[in-house]
Amino acid sequence: MTPQELAHHALELPGTTDDEAFGPGATVFKVEGKVFAILQDPTEEQPAQVTLKCEPNLALHLRDEYPAVGPGYHVNKRHWNTVVLDSTVPAPAVREMVDHSWDRVVSGMRKADRERLTLQRG
């Protein structure tokens, strides 16, 4: 999955906005103001990568399944994974991880917001 495809998918999720809250080179995706994805631009040293919220047991499973998935970079490593977008993780799996991250953030919101966003998503 390319960074552009990831950004397009993330922005299709209800309530999602993006900005460069941490400065240039890192696009932050938020649902109702709460971060669910941080997309870091590629550099000469490494491909693009995305940091996503994840249920802790699933986070460990994904790290075992894909070498390109590791503990979250500069975040709580128990609840976040960083995925290197080097094409070794299939695009459908990355989309599922983005969706799961959005779901995790939405699940912690007030009931009214959670229900509204879940209905919008379908």
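For clarity, every value in this text was computed on a predicted model and none was experimentally measured.

Asks: Sorry, what's going on with the side chain of Ser101 here?
Replies: Summarising the element assignment, Ser101 is placed in helix α3 (residues 91–107). Exposure remark for Ser101: the relative accessible area of 0% places this residue in the buried category. Those residues within four positions of Ser101 in sequence are excluded, and the remaining contacts are Phe36, Leu52 and Lys53.

Asks: Is there a simple way to explain the pattern of salt bridges in this structure?
Replies: A side chain of one charge can pair with a side chain of the opposite charge if their charged atoms are brought near each other. Applying the stated rule across the entire model yields seven salt bridges. Salt-bridge contacts for Asp113 lead to Arg110; the nearest nitrogen and oxygen are separated by 3.2 Å. We classify Arg110 as exposed; its relative accessible area is 57%. Close ionic contact of Asp113 with Arg116 constitutes a salt bridge, the shortest N to O distance being 3.3 Å. Separated by three residues within a single helix, Asp113 and Arg116 lie in helix α4 (residues 111–121), roughly one turn from each other.

Asks: I keep staring at helix α1 (residues 3–12) and nothing clicks. Help me out?
Replies: Within α1 the residues assigned to the buried category are Leu6, Ala7, His9 and Ala10. Here the buried residues of α1 occupy an arc of 165 degrees about the axis, which is enough to place them on one side. Away from the buried face of α1 by more than 90 degrees, exposed residues Gln4, His8 and Glu12 are located. In the core, the buried residues of α1 are packed alongside β1 (16–19), β2 (26–31), β3 (34–40), β4 (49–53) and α3.

About the criteria used
- Residues numbered from 1 in each chain as written.
- Predicted model: local features only at pLDDT ≥ 70, side-chain atom pairs only at ≥ 80, totals over all residues.
- Heavy atoms only, no water.
- Helix = DSSP H or I, 4+ residues; strand = E, 2+ residues; numbered from the N terminus.
- Buried < 20%, exposed > 50% of the residue type's maximum accessible area, 1.4 Å probe, protein only.
- Contact = heavy atoms within 4.5 Å.
- Salt bridge = Lys/Arg side-chain N within 4 Å of Asp/Glu carboxyl O.
- Arc of directions from axis to C-beta.

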